[in-house]
Amino acid sequence: MDDLTLLSVAEMAEADRITIRNGVPGIALMENAGLAIADAIAARFAPRRTLVACGPGNNGGDGFVVARVLRDRGWDISLALLGASDRLSDDAALAFANWNGPVESLQPDLLEGAALLVDALFGAGLTRNIEGDALDFLSHAEAAVKTGRLASVAVDMPSGVDGNSGAVRGIAAPAALTVTFFRKKPGHLLYPGRALAGELVVSDIGIHADVLAEIEPKTFENAPDLWSASLARPGADSHKYTRGHAVISGGPMTGAGRLAARAARRAGAGLLTVAAPESLCPLFAADAPGIITTPADSPDLFAALLEDSRKNAVLVGPGHGISDRTRWIAEMVLRSGKAVVLDADALTVFAGEAETLSRVIEGPVVMTPHQGEFARLFPGFSGSKLERARAAASLVGAVVVLKGPDTVIAGPDGRAAINANAPPWLATGGTGDVLAGTILGFLAQGIPAFEAAAAAVWMNGAAAARFGPGLIAEDLPEIFPKIFVDDLGWSAISRNSSSRER
(Lines give C-alpha, C1' and ligand atoms only; values in the text may rest on other atoms or scores of the structure.)
Protein backbone atom coordinates (compact mmCIF):
# COMPACT_ATOMS: atom_id res chain seq x y z
CA MET A 1 0.00 0.00 0.00
CA ASP A 2 3.00 2.31 0.44
CA ASP A 3 3.15 2.80 -3.33
CA LEU A 4 -0.37 4.27 -3.24
CA THR A 5 0.62 6.96 -0.75
CA LEU A 6 0.17 10.54 -1.90
CA LEU A 7 2.33 13.14 -0.19
CA SER A 8 1.42 16.77 0.22
CA VAL A 9 4.09 19.34 -0.58
CA ALA A 10 4.89 19.68 3.12
CA GLU A 11 5.04 15.90 3.59
CA MET A 12 7.41 15.53 0.63
CA ALA A 13 9.65 18.23 2.09
CA GLU A 14 9.61 16.27 5.34
CA ALA A 15 10.62 13.10 3.46
CA ASP A 16 13.58 15.02 2.04
CA ARG A 17 14.47 16.39 5.47
CA ILE A 18 14.37 12.98 7.15
CA THR A 19 16.49 11.47 4.40
CA ILE A 20 19.11 14.22 4.70
CA ARG A 21 19.03 13.88 8.50
CA ASN A 22 19.76 10.17 8.05
CA GLY A 23 22.94 10.90 6.13
CA VAL A 24 22.05 11.35 2.45
CA PRO A 25 23.31 14.75 1.21
CA GLY A 26 20.75 16.99 -0.44
CA ILE A 27 22.96 17.35 -3.51
CA ALA A 28 22.92 13.54 -3.87
CA LEU A 29 19.12 13.59 -4.00
CA MET A 30 19.30 16.39 -6.59
CA GLU A 31 21.81 14.51 -8.73
CA ASN A 32 19.64 11.39 -8.57
CA ALA A 33 16.57 13.41 -9.53
CA GLY A 34 18.29 15.05 -12.49
CA LEU A 35 19.61 11.72 -13.72
CA ALA A 36 16.16 10.14 -13.45
CA ILE A 37 14.63 12.98 -15.48
CA ALA A 38 17.33 12.74 -18.13
CA ASP A 39 16.84 8.97 -18.39
CA ALA A 40 13.07 9.39 -18.74
CA ILE A 41 13.56 11.98 -21.48
CA ALA A 42 16.09 9.86 -23.37
CA ALA A 43 13.75 6.86 -23.22
CA ARG A 44 10.95 8.83 -24.93
CA PHE A 45 12.59 11.42 -27.17
CA ALA A 46 15.36 11.28 -29.74
CA PRO A 47 18.10 13.90 -29.23
CA ARG A 48 16.84 17.31 -30.30
CA ARG A 49 17.36 20.96 -29.56
CA THR A 50 16.31 21.35 -25.94
CA LEU A 51 15.83 24.36 -23.70
CA VAL A 52 16.14 23.70 -19.96
CA ALA A 53 14.37 26.50 -18.06
CA CYS A 54 15.48 26.66 -14.42
CA GLY A 55 14.01 28.50 -11.46
CA PRO A 56 15.78 29.67 -8.32
CA GLY A 57 14.85 26.72 -6.07
CA ASN A 58 15.55 23.01 -5.91
CA ASN A 59 13.44 22.47 -9.01
CA GLY A 60 15.93 24.61 -10.90
CA GLY A 61 18.75 22.63 -9.33
CA ASP A 62 17.27 19.43 -10.78
CA GLY A 63 17.18 21.23 -14.13
CA PHE A 64 20.89 22.06 -14.00
CA VAL A 65 21.64 18.36 -13.55
CA VAL A 66 19.33 17.43 -16.45
CA ALA A 67 21.05 19.95 -18.71
CA ARG A 68 24.52 18.64 -17.84
CA VAL A 69 23.60 14.96 -18.23
CA LEU A 70 21.83 15.42 -21.57
CA ARG A 71 24.62 17.63 -22.93
CA ASP A 72 27.18 14.99 -21.94
CA ARG A 73 25.12 12.49 -23.93
CA GLY A 74 25.37 14.63 -27.05
CA TRP A 75 22.14 16.62 -26.89
CA ASP A 76 21.94 20.21 -28.11
CA ILE A 77 21.18 21.98 -24.83
CA SER A 78 20.47 25.59 -23.97
CA LEU A 79 19.99 26.65 -20.37
CA ALA A 80 17.95 29.60 -19.14
CA LEU A 81 17.73 30.86 -15.55
CA LEU A 82 14.99 32.88 -13.91
CA GLY A 83 16.69 35.41 -11.64
CA ALA A 84 20.32 35.76 -10.60
CA SER A 85 22.61 32.81 -9.97
CA ASP A 86 23.82 34.28 -6.68
CA ARG A 87 20.31 33.85 -5.27
CA LEU A 88 20.15 30.10 -5.81
CA SER A 89 19.45 27.83 -2.83
CA ASP A 90 22.37 25.84 -1.41
CA ASP A 91 22.00 22.55 -3.29
CA ALA A 92 20.83 24.31 -6.44
CA ALA A 93 23.96 26.50 -6.26
CA LEU A 94 26.12 23.37 -6.12
CA ALA A 95 24.33 21.89 -9.14
CA PHE A 96 24.72 25.19 -11.00
CA ALA A 97 28.46 25.22 -10.26
CA ASN A 98 28.75 21.85 -12.02
CA TRP A 99 27.26 23.33 -15.21
CA ASN A 100 30.06 24.87 -17.22
CA GLY A 101 28.07 25.99 -20.24
CA PRO A 102 26.45 29.30 -21.12
CA VAL A 103 23.45 30.55 -19.15
CA GLU A 104 20.80 32.84 -20.63
CA SER A 105 18.31 35.01 -18.78
CA LEU A 106 14.83 33.54 -19.11
CA GLN A 107 12.97 35.11 -22.03
CA PRO A 108 10.42 33.89 -24.57
CA ASP A 109 12.63 34.20 -27.65
CA LEU A 110 14.77 31.34 -26.35
CA LEU A 111 11.89 29.05 -27.30
CA GLU A 112 12.44 29.78 -30.98
CA GLY A 113 13.94 26.73 -32.61
CA ALA A 114 13.64 24.56 -29.49
CA ALA A 115 11.81 21.27 -29.99
CA LEU A 116 11.76 20.29 -26.31
CA LEU A 117 11.36 22.29 -23.11
CA VAL A 118 12.46 20.97 -19.74
CA ASP A 119 10.26 22.93 -17.36
CA ALA A 120 12.24 23.24 -14.12
CA LEU A 121 10.98 26.69 -13.12
CA PHE A 122 8.68 25.99 -10.21
CA GLY A 123 7.88 22.76 -8.43
CA ALA A 124 4.78 21.53 -6.66
CA GLY A 125 5.16 23.98 -3.79
CA LEU A 126 4.21 27.14 -5.68
CA THR A 127 1.94 29.18 -3.41
CA ARG A 128 1.18 32.26 -5.51
CA ASN A 129 0.17 33.08 -9.05
CA ILE A 130 2.95 33.20 -11.62
CA GLU A 131 3.76 36.72 -12.77
CA GLY A 132 6.41 38.83 -14.47
CA ASP A 133 9.09 37.23 -16.66
CA ALA A 134 7.96 33.71 -15.74
CA LEU A 135 4.38 34.47 -16.79
CA ASP A 136 5.56 35.92 -20.09
CA PHE A 137 7.78 32.91 -20.77
CA LEU A 138 5.17 30.31 -19.85
CA SER A 139 2.50 32.07 -21.92
CA HIS A 140 4.67 31.64 -25.00
CA ALA A 141 5.56 28.08 -24.01
CA GLU A 142 1.89 27.20 -23.56
CA ALA A 143 1.06 28.55 -27.01
CA ALA A 144 3.95 26.63 -28.60
CA VAL A 145 2.86 23.38 -26.92
CA LYS A 146 -0.75 23.80 -27.99
CA THR A 147 0.24 24.38 -31.61
CA GLY A 148 2.48 21.31 -31.59
CA ARG A 149 5.73 23.22 -32.13
CA LEU A 150 7.10 22.26 -28.72
CA ALA A 151 6.91 19.38 -26.27
CA SER A 152 7.35 20.05 -22.57
CA VAL A 153 8.77 17.81 -19.85
CA ALA A 154 7.93 18.96 -16.34
CA VAL A 155 10.16 18.48 -13.32
CA ASP A 156 7.98 17.34 -10.40
CA MET A 157 4.92 19.31 -11.60
CA PRO A 158 4.20 21.58 -14.58
CA SER A 159 5.16 25.07 -13.41
CA GLY A 160 2.05 26.84 -12.19
CA VAL A 161 0.23 23.72 -10.95
CA ASP A 162 -0.34 23.54 -7.21
CA GLY A 163 0.95 20.19 -5.95
CA ASN A 164 -1.66 19.94 -3.21
CA SER A 165 -4.77 20.88 -5.17
CA GLY A 166 -4.02 20.47 -8.89
CA ALA A 167 -5.19 24.06 -9.39
CA VAL A 168 -3.43 26.34 -11.87
CA ARG A 169 -1.84 29.41 -10.34
CA GLY A 170 -2.09 31.80 -13.24
CA ILE A 171 -0.78 29.67 -16.08
CA ALA A 172 0.74 26.27 -16.80
CA ALA A 173 2.15 24.79 -19.99
CA PRO A 174 0.77 21.27 -20.60
CA ALA A 175 3.47 18.62 -20.27
CA ALA A 176 3.90 15.53 -22.39
CA LEU A 177 5.80 13.98 -19.48
CA THR A 178 6.11 14.80 -15.81
CA VAL A 179 8.81 13.20 -13.67
CA THR A 180 8.25 13.32 -9.93
CA PHE A 181 10.08 11.68 -7.07
CA PHE A 182 9.42 9.05 -4.38
CA ARG A 183 5.62 9.40 -4.31
CA LYS A 184 2.90 11.20 -6.26
CA LYS A 185 1.22 14.30 -4.88
CA PRO A 186 -2.51 15.02 -4.79
CA GLY A 187 -2.09 17.59 -7.56
CA HIS A 188 -0.93 14.85 -9.92
CA LEU A 189 -4.38 13.21 -9.65
CA LEU A 190 -6.73 16.16 -9.11
CA TYR A 191 -7.93 18.15 -12.10
CA PRO A 192 -6.80 20.24 -13.87
CA GLY A 193 -3.34 19.17 -12.69
CA ARG A 194 -3.82 15.60 -13.85
CA ALA A 195 -4.64 16.69 -17.40
CA LEU A 196 -1.64 19.03 -17.52
CA ALA A 197 0.89 16.49 -16.22
CA GLY A 198 0.75 14.17 -19.24
CA GLU A 199 2.50 10.85 -18.68
CA LEU A 200 3.53 10.64 -15.04
CA VAL A 201 6.72 8.86 -13.97
CA VAL A 202 7.58 8.40 -10.29
CA SER A 203 11.34 7.97 -9.83
CA ASP A 204 13.36 6.57 -6.97
CA ILE A 205 15.99 9.10 -5.93
CA GLY A 206 17.23 7.45 -2.74
CA ILE A 207 14.44 8.22 -0.25
CA HIS A 208 13.65 5.09 1.75
CA ALA A 209 10.02 4.06 2.26
CA ASP A 210 10.70 3.90 6.01
CA VAL A 211 10.23 7.69 6.18
CA LEU A 212 6.49 7.16 5.69
CA ALA A 213 6.19 5.66 9.17
CA GLU A 214 7.42 8.93 10.63
CA ILE A 215 5.33 11.14 8.33
CA GLU A 216 2.11 9.11 8.78
CA PRO A 217 0.39 10.25 5.57
CA LYS A 218 -3.37 9.79 5.22
CA THR A 219 -3.92 10.40 1.52
CA PHE A 220 -3.79 7.64 -1.07
CA GLU A 221 -4.45 6.84 -4.69
CA ASN A 222 -7.52 4.63 -4.86
CA ALA A 223 -6.62 1.12 -6.00
CA PRO A 224 -7.29 -2.48 -4.88
CA ASP A 225 -4.28 -2.69 -2.55
CA LEU A 226 -5.98 -0.04 -0.43
CA TRP A 227 -9.11 -2.08 0.32
CA SER A 228 -9.05 -5.56 -1.27
CA ALA A 229 -8.25 -7.26 2.04
CA SER A 230 -11.54 -5.88 3.40
CA LEU A 231 -13.73 -7.31 0.63
CA ALA A 232 -16.14 -9.99 1.74
CA ARG A 233 -15.17 -12.90 -0.46
CA PRO A 234 -17.78 -15.65 0.06
CA GLY A 235 -16.66 -18.74 1.90
CA ALA A 236 -17.72 -22.33 1.44
CA ASP A 237 -20.30 -21.97 4.20
CA SER A 238 -21.75 -18.67 2.96
CA HIS A 239 -25.46 -18.25 2.33
CA LYS A 240 -27.73 -15.37 1.40
CA TYR A 241 -28.10 -14.05 4.94
CA THR A 242 -24.38 -14.08 5.68
CA ARG A 243 -23.87 -11.92 2.60
CA GLY A 244 -26.18 -9.21 3.91
CA HIS A 245 -29.70 -7.98 3.24
CA ALA A 246 -29.68 -4.60 1.52
CA VAL A 247 -32.67 -2.26 1.41
CA ILE A 248 -33.39 0.46 -1.13
CA SER A 249 -36.03 3.07 -0.43
CA GLY A 250 -37.83 3.34 -3.75
CA GLY A 251 -39.15 6.59 -5.14
CA PRO A 252 -41.32 7.69 -8.06
CA MET A 253 -38.45 7.72 -10.58
CA THR A 254 -38.09 3.98 -10.41
CA GLY A 255 -35.30 3.64 -12.95
CA ALA A 256 -32.75 5.06 -10.52
CA GLY A 257 -33.68 2.61 -7.77
CA ARG A 258 -33.68 -0.30 -10.19
CA LEU A 259 -30.18 0.57 -11.37
CA ALA A 260 -28.99 0.76 -7.77
CA ALA A 261 -30.66 -2.55 -6.95
CA ARG A 262 -28.96 -4.33 -9.83
CA ALA A 263 -25.58 -2.94 -8.75
CA ALA A 264 -26.03 -3.93 -5.11
CA ARG A 265 -26.83 -7.50 -6.06
CA ARG A 266 -23.93 -7.73 -8.51
CA ALA A 267 -21.63 -6.34 -5.80
CA GLY A 268 -22.53 -9.33 -3.66
CA ALA A 269 -25.49 -8.50 -1.41
CA GLY A 270 -27.22 -11.78 -0.55
CA LEU A 271 -30.72 -10.31 -0.53
CA LEU A 272 -32.21 -7.04 -1.65
CA THR A 273 -35.53 -5.47 -0.70
CA VAL A 274 -37.03 -2.39 -2.32
CA ALA A 275 -39.35 -0.59 0.10
CA ALA A 276 -41.61 1.72 -1.88
CA PRO A 277 -45.15 3.08 -2.07
CA GLU A 278 -47.43 0.15 -2.82
CA SER A 279 -48.36 1.49 -6.25
CA LEU A 280 -44.71 1.47 -7.32
CA CYS A 281 -43.73 -2.00 -6.16
CA PRO A 282 -44.76 -3.77 -9.40
CA LEU A 283 -42.51 -1.44 -11.39
CA PHE A 284 -39.48 -2.38 -9.30
CA ALA A 285 -40.24 -6.10 -9.52
CA ALA A 286 -41.13 -6.25 -13.21
CA ASP A 287 -37.62 -6.75 -14.62
CA ALA A 288 -35.88 -8.11 -11.50
CA PRO A 289 -37.45 -11.33 -10.21
CA GLY A 290 -34.59 -11.76 -7.72
CA ILE A 291 -35.52 -8.76 -5.59
CA ILE A 292 -38.09 -8.49 -2.83
CA THR A 293 -40.57 -5.62 -2.82
CA THR A 294 -42.51 -4.44 0.19
CA PRO A 295 -44.98 -1.57 0.58
CA ALA A 296 -43.71 1.27 2.79
CA ASP A 297 -46.12 4.14 2.37
CA SER A 298 -46.02 5.33 5.96
CA PRO A 299 -43.41 5.92 8.68
CA ASP A 300 -44.85 3.02 10.66
CA LEU A 301 -44.43 0.59 7.77
CA PHE A 302 -40.88 1.73 7.13
CA ALA A 303 -40.01 1.56 10.83
CA ALA A 304 -41.35 -2.00 10.99
CA LEU A 305 -39.12 -2.93 8.08
CA LEU A 306 -36.05 -1.59 9.89
CA GLU A 307 -36.80 -3.67 12.98
CA ASP A 308 -35.50 -6.75 11.14
CA SER A 309 -31.84 -6.90 12.22
CA ARG A 310 -30.95 -8.96 9.15
CA LYS A 311 -31.67 -5.91 6.99
CA ASN A 312 -28.34 -4.27 7.67
CA ALA A 313 -27.74 -1.62 5.00
CA VAL A 314 -30.07 0.97 3.48
CA LEU A 315 -29.86 3.31 0.48
CA VAL A 316 -32.01 6.44 0.30
CA GLY A 317 -32.07 8.98 -2.51
CA PRO A 318 -31.95 7.67 -6.08
CA GLY A 319 -35.15 8.64 -7.89
CA HIS A 320 -36.73 9.65 -4.60
CA GLY A 321 -37.70 13.25 -5.28
CA ILE A 322 -37.25 16.23 -2.97
CA SER A 323 -40.10 15.69 -0.52
CA ASP A 324 -41.06 15.32 3.11
CA ARG A 325 -41.12 11.55 2.59
CA THR A 326 -37.48 11.59 1.51
CA ARG A 327 -36.58 13.62 4.58
CA TRP A 328 -38.31 11.46 7.16
CA ILE A 329 -37.03 8.23 5.63
CA ALA A 330 -33.47 9.56 5.60
CA GLU A 331 -33.66 10.66 9.23
CA MET A 332 -35.25 7.35 10.25
CA VAL A 333 -32.58 5.18 8.66
CA LEU A 334 -29.75 7.37 9.94
CA ARG A 335 -31.06 6.96 13.50
CA SER A 336 -31.43 3.18 13.05
CA GLY A 337 -27.71 2.48 13.44
CA LYS A 338 -27.68 0.47 10.21
CA ALA A 339 -25.15 1.17 7.46
CA VAL A 340 -26.59 3.88 5.23
CA VAL A 341 -25.90 5.38 1.81
CA LEU A 342 -27.35 8.84 1.17
CA ASP A 343 -27.41 9.89 -2.46
CA ALA A 344 -29.06 12.45 -4.71
CA ASP A 345 -32.36 13.79 -3.34
CA ALA A 346 -31.62 12.43 0.15
CA LEU A 347 -28.75 14.90 0.26
CA THR A 348 -30.61 17.81 -1.27
CA VAL A 349 -33.40 17.68 1.33
CA PHE A 350 -30.74 18.61 3.89
CA ALA A 351 -29.40 21.57 1.89
CA GLY A 352 -27.51 23.88 4.26
CA GLU A 353 -28.23 21.56 7.20
CA ALA A 354 -25.11 19.42 7.39
CA GLU A 355 -24.96 19.81 11.15
CA THR A 356 -28.48 18.41 11.41
CA LEU A 357 -27.25 15.32 9.60
CA SER A 358 -24.35 14.96 11.99
CA ARG A 359 -26.74 14.88 14.96
CA VAL A 360 -28.90 12.03 13.66
CA ILE A 361 -26.18 9.66 12.42
CA GLU A 362 -25.94 6.55 14.59
CA GLY A 363 -24.07 4.13 12.34
CA PRO A 364 -21.68 3.97 9.35
CA VAL A 365 -22.78 6.37 6.62
CA VAL A 366 -21.57 7.10 3.09
CA MET A 367 -22.71 10.25 1.29
CA THR A 368 -22.23 10.48 -2.48
CA PRO A 369 -22.69 14.08 -3.67
CA HIS A 370 -21.65 15.47 -7.01
CA GLN A 371 -20.30 19.02 -6.98
CA GLY A 372 -23.73 20.69 -7.13
CA GLU A 373 -25.20 18.57 -4.33
CA PHE A 374 -22.09 19.15 -2.26
CA ALA A 375 -22.37 22.93 -2.65
CA ARG A 376 -25.99 22.81 -1.53
CA LEU A 377 -25.30 20.62 1.48
CA PHE A 378 -22.08 22.35 2.52
CA PRO A 379 -22.44 25.99 1.41
CA GLY A 380 -19.40 28.15 1.95
CA PHE A 381 -16.87 25.31 2.00
CA SER A 382 -13.70 26.40 0.19
CA GLY A 383 -10.31 24.99 -0.71
CA SER A 384 -9.29 22.14 -2.96
CA LYS A 385 -11.58 19.23 -3.72
CA LEU A 386 -9.57 17.14 -1.29
CA GLU A 387 -9.78 19.76 1.45
CA ARG A 388 -13.52 20.25 1.01
CA ALA A 389 -14.28 16.54 1.07
CA ARG A 390 -12.16 16.07 4.20
CA ALA A 391 -13.79 19.00 5.97
CA ALA A 392 -17.27 17.72 5.12
CA ALA A 393 -16.49 14.19 6.33
CA SER A 394 -15.15 15.58 9.60
CA LEU A 395 -18.20 17.79 10.11
CA VAL A 396 -20.86 15.14 9.59
CA GLY A 397 -18.97 12.10 10.85
CA ALA A 398 -19.49 10.15 7.63
CA VAL A 399 -17.59 9.04 4.56
CA VAL A 400 -18.03 11.61 1.81
CA VAL A 401 -17.62 10.57 -1.83
CA LEU A 402 -17.22 13.82 -3.77
CA LYS A 403 -17.83 12.60 -7.30
CA GLY A 404 -16.26 13.63 -10.59
CA PRO A 405 -13.46 12.54 -12.93
CA ASP A 406 -11.17 12.76 -9.89
CA THR A 407 -13.57 11.43 -7.24
CA VAL A 408 -12.36 11.95 -3.67
CA ILE A 409 -13.33 9.51 -0.92
CA ALA A 410 -12.84 11.10 2.51
CA GLY A 411 -13.38 9.52 5.89
CA PRO A 412 -14.15 11.21 9.21
CA ASP A 413 -10.85 9.83 10.54
CA GLY A 414 -8.88 11.99 8.10
CA ARG A 415 -8.10 9.31 5.54
CA ALA A 416 -8.73 10.18 1.91
CA ALA A 417 -8.33 8.48 -1.45
CA ILE A 418 -8.29 10.06 -4.88
CA ASN A 419 -9.62 7.94 -7.72
CA ALA A 420 -7.78 7.97 -11.03
CA ASN A 421 -9.28 5.15 -13.11
CA ALA A 422 -12.58 6.73 -14.22
CA PRO A 423 -12.87 6.98 -18.03
CA PRO A 424 -15.06 9.59 -19.76
CA TRP A 425 -17.59 6.88 -20.65
CA LEU A 426 -18.97 7.23 -17.11
CA ALA A 427 -20.38 10.63 -18.03
CA THR A 428 -23.86 9.31 -18.71
CA GLY A 429 -27.13 9.28 -16.81
CA GLY A 430 -27.63 6.68 -14.09
CA THR A 431 -24.00 5.91 -13.30
CA GLY A 432 -24.33 7.68 -9.96
CA ASP A 433 -27.25 5.40 -9.07
CA VAL A 434 -25.12 2.37 -9.93
CA LEU A 435 -22.31 3.69 -7.74
CA ALA A 436 -24.66 4.20 -4.80
CA GLY A 437 -25.99 0.68 -5.22
CA THR A 438 -22.49 -0.76 -5.40
CA ILE A 439 -21.57 0.91 -2.12
CA LEU A 440 -24.80 -0.44 -0.61
CA GLY A 441 -23.95 -3.96 -1.73
CA PHE A 442 -20.52 -3.79 -0.12
CA LEU A 443 -21.87 -2.28 3.12
CA ALA A 444 -24.45 -5.06 3.37
CA GLN A 445 -21.59 -7.56 3.40
CA GLY A 446 -20.05 -5.86 6.41
CA ILE A 447 -17.28 -4.00 4.62
CA PRO A 448 -16.25 -0.84 6.53
CA ALA A 449 -17.67 2.36 5.07
CA PHE A 450 -14.43 3.90 3.80
CA GLU A 451 -13.28 0.70 2.14
CA ALA A 452 -16.76 -0.01 0.72
CA ALA A 453 -16.92 3.45 -0.85
CA ALA A 454 -13.38 3.34 -2.23
CA ALA A 455 -13.86 -0.16 -3.66
CA ALA A 456 -17.16 0.80 -5.30
CA VAL A 457 -15.71 3.91 -6.91
CA TRP A 458 -12.79 1.94 -8.31
CA MET A 459 -15.02 -0.96 -9.40
CA ASN A 460 -17.24 1.32 -11.45
CA GLY A 461 -14.24 2.98 -13.07
CA ALA A 462 -12.74 -0.40 -13.96
CA ALA A 463 -16.03 -1.65 -15.37
CA ALA A 464 -16.48 1.46 -17.50
CA ALA A 465 -12.94 1.20 -18.82
CA ARG A 466 -13.51 -2.47 -19.64
CA PHE A 467 -16.73 -1.71 -21.56
CA GLY A 468 -15.49 1.40 -23.37
CA PRO A 469 -17.40 3.65 -25.78
CA GLY A 470 -21.16 3.29 -25.90
CA LEU A 471 -21.45 2.57 -22.19
CA ILE A 472 -24.79 3.15 -20.50
CA ALA A 473 -25.42 2.80 -16.79
CA GLU A 474 -27.16 -0.58 -17.20
CA ASP A 475 -23.93 -2.06 -18.56
CA LEU A 476 -21.84 -1.44 -15.45
CA PRO A 477 -23.17 -4.12 -13.07
CA GLU A 478 -22.91 -6.75 -15.80
CA ILE A 479 -19.15 -6.17 -15.96
CA PHE A 480 -18.63 -6.59 -12.20
CA PRO A 481 -18.19 -10.38 -12.32
CA LYS A 482 -15.33 -9.97 -14.79
CA ILE A 483 -13.71 -7.36 -12.55
CA PHE A 484 -13.89 -9.68 -9.54
CA VAL A 485 -12.22 -12.48 -11.47
CA ASP A 486 -9.79 -10.73 -13.81
CA ASP A 487 -8.78 -7.66 -11.79
CA LEU A 488 -9.24 -8.76 -8.18
CA GLY A 489 -8.15 -12.36 -8.63
CA TRP A 490 -11.27 -14.10 -7.38
CA SER A 491 -11.72 -17.61 -8.70
CA ALA A 492 -14.68 -18.10 -11.01
CA ILE A 493 -15.05 -21.69 -9.77
CA SER A 494 -15.59 -22.47 -6.09
CA ARG A 495 -13.22 -25.03 -4.63
CA ASN A 496 -16.04 -26.30 -2.44
CA SER A 497 -19.59 -26.55 -3.63
CA SER A 498 -21.18 -26.41 -0.18
CA SER A 499 -22.13 -22.73 -0.53
CA ARG A 500 -25.84 -22.84 -1.16
CA GLU A 501 -29.09 -20.97 -1.22
CA ARG A 502 -31.02 -21.43 1.97
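Model, not experiment: these values are computed from the prediction.

A separate point is helix 19 (residues 475–487). For helix 19, with 13 residues, the first-to-last C-alpha span of 18 Å sits near the 18 Å given by 1.5 Å per residue. Along its length, helix 19 reaches its greatest deviation from straightness, about 35°, at Pro481. Here helix 19 has its buried residues at Asp475, Leu476, Pro477, Ile479, Phe480, Ile483 and Phe484. Immediately downstream of helix 19, the backbone of Gly489 shows phi near 80°, a positive value.

Glancing now at the packing of aromatic side chains. Counted by the stated rule, this structure contains seven aromatic pairs. Relative to Phe381, the ring of Phe374 lies with its centre 6.1 Å away and its plane at 80°, an arrangement referred to as edge-to-face. The class for Phe374 is buried, based on a relative accessible area of 2%. Aromatic side chains Phe378 and Phe381 sit 5.2 Å apart centroid to centroid with 50° between the ring planes, which places their arrangement in the tilted category. Accessibility expressed as a relative area gives 3% for Phe378, which makes it buried. Residue Phe381 is classed as partly exposed on the basis of its relative accessible area, which comes to 28%. Linked through ring pairs, Phe374, Phe378 and Phe381 together constitute an aromatic cluster. Taking the ring centre of Phe182 as reference, the NZ or CZ of Arg183 above it sits at 4.4 Å.

Helix-helix packing: each pair is described by the crossing angle between the helix axes and the interaxial distance. Two elements in contact, helix 2 (residues 26–44) and helix 3 (residues 58–72), have axes whose closest approach is 8 Å; the angle formed by their N-to-C orientations is 55°. In terms of axis orientation, helix 2 runs oblique to helix 3. Remark: the crossing between helix 2 and helix 3 carries right-handed chirality. Along its contact with helix 2, which presents Met30, Glu31, Ala33, Gly34, Leu35, Ile37, Ala38 and Ile41, the element helix 3 presents Asn58, Gly61, Asp62, Val65, Val66, Arg68, Val69 and Leu70. Grouping the constituent residues of the contact of helix 2 with helix 3 by class yields 10 nonpolar, three polar and three charged.

Considering all chains together, one arrives at 25 salt bridges under this definition. Measuring nitrogen to oxygen at the nearest pair gives 2.8 Å for the salt bridge that ties Asp156 to Lys185. Remark: Lys185 occurs in the loop between strand 6 (177–181) and helix 6 (186–189) and Asp156 occurs in the loop between strand 5 (151–155) and strand 6; sequence separation between them is 29 residues. Lys185 shares its class with Asp156; the two are buried. Between Arg327 and Glu353 there is a salt bridge, with its nearest N and O atoms 3.1 Å apart. Within this pair, whereas Arg327 is found in helix 12 (residues 324–335), its partner Glu353 is found in the loop between helix 13 (345–348) and helix 14 (354–360), the two being separated by 26 residues in sequence.

Moving on: the layout of surface pockets. A water-sized probe, rolled over the atoms, reveals where empty space remains. A volume near 620 Å³ is recorded for the second largest pocket. Taken together, 27 residues line the second largest pocket, and the ones lying closest to its centre are Asp16, Asn58, Asn59, Asp62 and Asp156. Elements with a minimum of two residues in the lining of the second largest pocket: helix 1 (9–21), helix 2, helix 3 and helix 4 (90–97). If you tally residues by element for the lining of the second largest pocket, the top one is helix 1, at five residues.

Rules used throughout
Residues numbered from 1 in each chain as written. Predicted model: local features only at pLDDT ≥ 70, side-chain atom pairs only at ≥ 80, totals over all residues. Heavy atoms only, no water. Helix = DSSP H or I, 4+ residues; strand = E, 2+ residues; numbered from the N terminus. Expected span 1.5 Å × (residues − 1). Bend = angle between axes of the 7 residues up to and from the residue. Buried < 20%, exposed > 50% of the residue type's maximum accessible area, 1.4 Å probe, protein only. Phe/Tyr/Trp six-rings, centres within 6.5 Å; stacked < 30°, edge-to-face > 60°. Lys NZ or Arg CZ within 6 Å of the ring centre and 35° of its normal. Axes fitted to C-alpha atoms, helices over the stretch in contact; angles between N-to-C directions. Parallel < 35°, antiparallel > 145°, perpendicular 65-115°, else oblique. Left-handed = near helix turned anticlockwise from the far one by under 90°. Contact = heavy atoms within 4.5 Å. Nonpolar A, V, L, I, M, F, W, Y, C, P; charged D, E, K, R; others polar. Salt bridge = Lys/Arg side-chain N within 4 Å of Asp/Glu carboxyl O. 1 Å grid on protein atoms, 1.4 Å probe; cavity = no way out; pocket = protein on both sides within 12 Å on 5 of 7 lines; lining within 4 Å. Points joined across faces, edges and corners; volume = space filled by probe spheres on them.

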